[in-house]
Every structure is written in C-alpha cells, then in structure tokens.
Amino acid sequence: MSGLIVDTEKTHAIAFNRGILEYDVEAELEHMTESIRTIVYEKLRRRGAVIAISGGIDSSVTAAVLTRALGADRIIALSLPEHESSPANMDYGRLIAEHLGVELIVEPIGKVLESLGCYRRREEAVRRVFSEFTPEYRFKIVLPQNLMETGRINFYNLVIQSPDGNIQTRRLPSRELLEIIAATNFKQRTRKQFEYYYADRYGYAVAGTPNRLEYDQGFFVKGGDGLADFKPIAHLYKTQVYAMARYLDLPEEILNQKPSTDTYSMAQSQQEFYFSLPYHELDLIMWALNHGIPTGHAAREMGYTEEQVERVYNDIKQKRRTTEYLQKKPLLVSPVPEISND
Amino acid sequence: MKEVTDMQGTQTTIREQINDFIGNTFPVARKKQVGLDEKLMENGIIDSLGFLEIITFIEQNYGFKVKDEDVTAENFNTIGNIGSYIERSIEGA
C-alpha cells in the first residue's frame, strides 16, 4: 500500500503522535485506482461498478475514487431513500453525482419496507418499552457516551421524542433491542437487493463503502451494507477518508456533514449509535492498538490517562470479538477443494 | 454465601443460580464449566447483549431494578461479582 504507513502488528514500539494518520493522498489514489481496475476488470470480470450513495462522506469518496479509476460512464450511482431518510442526505447524493458526472438512479424503498413490516415491527417493540409511543413519535437507540470515563458495559438506551418535543430515555431490554435491530436491518438488505439488481442488469460489480473503523468494528449489516464485491476504502481510517475528500475537492456541504446513521426517525450520530467516541480520536487509538503502542505512550501523546486508553483498547477488542460472526464467509461442513473461497 | 429458594423450590446460592442461568443460556458456557472468577467478557463467554439478558434474569428473579450506573465490568464481569452485586442490592433494598 504505497503512501501509507505499513507495519507488522505488535512487534516493536514505533513512533506515535497525533499526526500519524497523515499520508501521501496522491500516491494512495494511484495505488487504489490501479487496484480497482485490476479487481473489477480482471478478478471479477465486470464492466463497471454500482454504488449506493447516501450523501455521506464515505460513499462520496468511494464514488469519486471509482470515477477516477473506471470513468464516470462505467459507474451507476443509486439513491435509495425510505420514509425516514433525511431529505438533506438525498440532496447531497444528487450533489455528489452531479459533481462527478455519474448517472444517478433514484429507487425509493419505503413501500418495500412497509410491506416487509419494517416500521410496524420496530414500533411494536418500542411500544413494549414506552406504552405511549405512536407513529407520530420519533425514536433512536444510543450507547453511553462516556466510554473513556467508566468501566461501563455497553448497553443501548431507547430515546423517544413526542410530537410536542418531550424526550424520554430508558434502557433497552435485550428482546426489544434485537427486534428493533432486526427490523431496521431490512433497510440495508433491501438497498442491497437494488444494488445487485443493477449489477446483474449491467454486468457491474457492487462497491461497498465502509471505512476502516466501520469495517474493523463490525459497523454494518450482514447481507446488507456489509455485502459487496469489493470495498475500495475499507483500509482507510475515517480521518484519512476526509483527507482524501479534501484532496479530491468534493463539495464543502458533504465535507462538513457530521457522520450520521440516517436510520432512525430521530437524528442519530454514528458516535451515539456505535462508536461512543469522536471518530478522529477513535482512529488514532485504533491505529495505536494495531501497532502495539503501549497504553502509556498513547495516553501521553493524546492527552489521556492510561486507564482511559486501556478502556478504549478493550472496547475495540470487544467489538471485534462480538462482530466476528459478521465477517465470516459461509462455513462448509466438509471442504470443497475445487472451489476457492477467496 | 446467601442461599435463596430457586424456581424449583431448592435452596441454592445466588452464585449457583447465576452459574446455572449462564450455563443454560450461552453456547460457550454450555460447553465448559465457568469458574466463579473467570472473566466473562474477555473470555468471549458473554457479549454486551448477553449482559442485558442477565440483567433481565436478575430483575425477574431477585425483585429489584438494576440501575444503569451499576452495569459495570466491576459488578458483572464474573459470576462471583454478579453474585456479590445481587446480595448487596437485596440487602440494600
């Protein structure tokens, strides 16, 4: 990987500081475009790429890199809004498609989700926790945000907002948590159906858009946004994705957005939903963990206590363990050696 | 150690009841005996969702609400710690 710092993990202490994620963006782009062409044309034997555009920074950068690698006429960008999608994100999707000169196809999926019972199932689960909940309310689920301060075990709180703006919060029991997540996952899996429809229709490959934090920490839906033929930015820390976006001169509106999930009826940041820390801090701590940086060294460079860094290290490792299932390919009971699983 | 009557009317310790619940509920614990001081999360026996199930079990069987601020590794990361937490909560109620 040219342009990026590469080191074997946990072998020796190396320099670590807050600037460690800086890199030669142009060199990395050259490497990525070459790899993408090899992957799409030679390894996958596809003619172009399909990408779902959310209006966020990751899909925008992925689309920009794909355009650079394959040309705008070999990209199909899909906008897949549903009833709870933010109108602003749809506008950003149109903006990035126009900026790149790629074809944007809009396929609303709200009615499909209705027929699957996505919204109904979630509302029933929320009503078991808050009996007063009606479809006029909004809700989201959030993790505690004081990850560095306490030895708290991660659990989700359910937050509802009444039509007159009153907000209530309760710890989410496991049964309701699973129901809400399972029903919400219909959204990502339905989107993926459309991506593969267009991929099959045109002989294209489906590009996934996770950044390294999301890929590493299992922040995706199995068979949903986790499913793709290739993932161009999965090796880039989110901080590096932003650097690439600035280098590629993507629209300011997209650069200035706060990462959100755009998944629940109440606005919810990715930090609230999953990461519990600002991404630029989590990027650095994850890099430190990946490179065997002792907690004391990382703490000194970042201005935290050793205990705080230890908690984040443990949380990162715990999420890797918990989401290992999401990363696994189908397991065979007995090997089929004629078919490679790579 | 405090003995309580379980759902079958048998006098067992709280730790034994928690051990039985974990052994019957979580696949890794079904395959091996979990020690009282064995770290449940670090050893992959229980994940954060599993701790929610333990909390539900506690609230349904020991008659008190587990406070959010009590859901910590210190109180929940071993069977021994869970047992101690339940006993303190019952005495304090």
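This report concerns the structure included in the present document.

Reading the values: rules and limits
- Residues numbered from 1 in each chain as written.
- Chains lettered and ligands numbered in written order.
- Predicted model: local features only at pLDDT ≥ 70, side-chain atom pairs only at ≥ 80, totals over all residues.
- Heavy atoms only, no water.
- Helix = DSSP H or I, 4+ residues; strand = E, 2+ residues; numbered from the N terminus.
- Buried < 20%, exposed > 50% of the residue type's maximum accessible area, 1.4 Å probe, protein only.
- Contact = heavy atoms within 4.5 Å.
- Areas by Shrake-Rupley, 256 points an atom, 1.4 Å probe, with all protein chains shown as cover.
- Pairing = 2+ DSSP bridges.
- Axes fitted to C-alpha atoms, helices over the stretch in contact; angles between N-to-C directions.
- Polar contact = N/O pair within 3.5 Å; in protein donor to acceptor, adjacent residues only side chain to side chain.
- Parallel < 35°, antiparallel > 145°, perpendicular 65-115°, else oblique.
- Nonpolar A, V, L, I, M, F, W, Y, C, P; charged D, E, K, R; others polar.
- Expected span 1.5 Å × (residues − 1).
- Buried area = accessible area lost by both parts, 1.4 Å probe.
- Salt bridge = Lys/Arg side-chain N within 4 Å of Asp/Glu carboxyl O.
- Patch = residues over 30% accessible without salt bridge, like charges linked within 9 Å, V, L, I, M, F, W, Y side chains within 5 Å.
- Arc of directions from axis to C-beta.
- Core = buried A, V, L, I, M, F, W, Y, C linked by side-chain atoms within 4.5 Å.

This next bit is on the overall build of chain A. Check the secondary structure of chain A and you find 14 helices and seven strands. The proportion of buried residues among the 342 residues of chain A is 54%. Expressed as a percentage of contacts within chain A between residues at least 6 apart in sequence, the contacts between residues at least 24 apart total 75%. Carbon and sulfur atoms make up 50% of the accessible area of chain A, which totals about 16,100 Å².

All names here are of chain A. Taken together, the three strands give an open sheet; going across it, the order is S4-S5-S6, and neighbouring strands pair in antiparallel fashion. Pairing within the sheet leaves two strands with one partner each, and these edge strands are strand S4 (138–142) and strand S6 (167–171). Averaged over all adjacent pairs, the angle separating strand axes in this sheet is 20 degrees, with direction ignored.

Residues and elements named next belong to chain A. What the four strands build is an open sheet, ordered S3-S2-S1-S7; its pairing is parallel. For this open sheet the edge positions go to strand S3 (103–106) and strand S7 (205–206), each flanked by a neighbour on one side alone. Inspection of the sheet shows strand S1 (residues 49–52) paired to S7 by two bridges, in the parallel sense. Of the residues in S7, the one forming a bridge with Val50 is Val206.

Our next topic: the side chain of His235 of chain A. All names here are of chain A. For His235, the location among the structural elements is in the loop between helix H7 (212–216) and helix H8 (238–247). Among the polar contacts listed, one links the side chain of His235 to the side chain of Glu28, at a separation of 2.9 Å. Among the polar contacts made by the side chain of His235, one reaches the main-chain carbonyl oxygen of Pro232 at a distance of 3.5 Å.

We now examine the packing of helix H1 (residues 25–43) of chain A against H8 of chain A. All names here are of chain A. Two numbers describe how H1 lies on H8: the axes approach to 10 Å, and their chain directions differ by 95 degrees. Between H1 and H8, the angle falls in the class roughly perpendicular. Two secondary-structure elements touch here, H1 through Val25, Glu26, Glu28, Leu29 and Met32 and H8 through Ala243, Met244 and Tyr247. Class assignment of the residues belonging to the contact of H1 with H8 gives a composition of six nonpolar, no polar and two charged.

This brings us to the side chain of Thr33 of chain A. Note on placement: Thr33 of chain A falls in helix H1. Residues in contact with Thr33 of chain A, not counting those within four places in the same chain, are Val65, Arg68 and Ala69 of chain A.

Take helix H2 (residues 57–70) of chain A next. All names here are of chain A. An ideal rise of 1.5 Å per residue puts 20 Å on 14 residues; H2 measures up with 20 Å between its terminal C-alpha atoms. Within H2, 13 of the 14 residues are buried, which leaves it mostly tucked inside the rest of the structure. Residue Gly71 follows H2 closely and has a positive phi angle near 95 degrees.

Right, let's talk about the interface of chain A and chain B for a bit. Counting residues at the interface gives 15 residues for chain A, matched by 19 residues for chain B. Here chain A packs against chain B, burying approximately 1,400 Å² in sum over the two surfaces, 62% of which is carbon and sulfur. When residues of chain A are sorted by the area they lose upon contact with chain B, Ile153, Arg171 and Ser174 of chain A head the list and together hold 43% of the total. If you look at where chain A meets chain B, you find two salt bridges. Note that Arg171 of chain A is salt-bridged to Asp68 of chain B, the shortest N-O span being 2.9 Å. On the surface where chain A and chain B come into contact, there are three residue pairs in polar contact (both at pLDDT 80 or more).

The next thing to look at is a nonpolar patch on the surface. Residues and elements named next belong to chain A. A cluster of nonpolar side chains, Leu332, Val336 and Ile339, forms an exposed patch at the surface whose accessible area comes to about 300 Å². With respect to the helices and strands, Val336 occurs in the segment after helix H14 (324–327). Under the relative-accessibility criterion, Val336 is labelled partly exposed at 39%.

Moving on, we come to the pattern of salt bridges. Scanning the entire structure with this criterion turns up 19 salt bridges over all chains. For Lys65 of chain B, the salt bridge is made with Glu59 of chain B, and the minimal N-O distance between the two is 3.7 Å. One network of salt bridges, with partners in common, ties together Glu82, Glu84, Arg122 and Lys187 of chain A.

So, on to helix H3 (residues 87–100) of chain A. Residue and element names in this part refer to chain A. Compared with an ideal rise of 1.5 Å per residue, which puts 14 residues at 20 Å, H3 spans 20 Å between its outermost C-alpha atoms and is within 8% of the ideal. Turning to H3, its buried residues number three or more, namely Asn89, Gly93, Ile96, Ala97 and Leu100. End-on view of H3: buried residues confined to an arc of 100 degrees, all on one side of the axis. Turned more than 90 degrees away from the buried face of H3, the exposed residues are Pro87 and Glu98. Along its buried surface, H3 packs onto H2, S3 and helix H9 (252–255).

Here we come to the environment of Thr25 of chain B. Residue and element names in this part refer to chain B. For Thr25, the position within the fold is in helix H1 (residues 14–25). In this structure the C-alpha to C-alpha distance between Thr25 and Phe76, which are 51 residues apart in sequence, comes to 16 Å. Side-chain polar atoms of Thr25 contact the backbone oxygen of Phe21, separated by 2.6 Å.

The next subject is the nonpolar core. Ranked by internal contacts, the top residues of the largest apolar core, which has 44 residues, are Leu158 of chain A together with Ile22, Ile54 and Phe76 of chain B. Among the secondary structure elements, those contributing two or more residues to this core are helix H5 (118–129), S4, strand S5 (157–161) and helix H6 (174–202) of chain A together with H1, helix H3 (48–62) and helix H5 (79–92) of chain B. Looking at this core element by element, the count peaks at seven residues for H3 of chain B. When near neighbours in sequence (up to four residues on either side) are disregarded, Phe76 of chain B contacts Ile153 of chain A together with Leu40, Phe51, Ile54, Ile55, Ile58, Val66, Asp70, Val71, Asn81, Ile82 and Tyr85 of chain B. Grouped together as the second largest cluster of nonpolar side chains are 36 residues, Val25, Leu66, Ala245 and Ile254 of chain A included.

Bringing the pairing of S5 of chain A into the picture now. Residue and element names in this part refer to chain A. Within S5, four of the five residues are buried, which leaves the element mostly enclosed by the surrounding structure. Bridge count for S4 against S5 is five bridges, and the pairing is antiparallel. Looking across to S5, one finds that Val142 is bridged to Asn157. The sheet contact formed by S5 and S6 spans five bridges and is antiparallel. Across the sheet, Leu158 pairs through a bridge with Arg170, a residue of S6. Count of turn residues in the S5/S6 antiparallel hairpin: five residues, of which Gly165 carries a positive phi of about 95 degrees.

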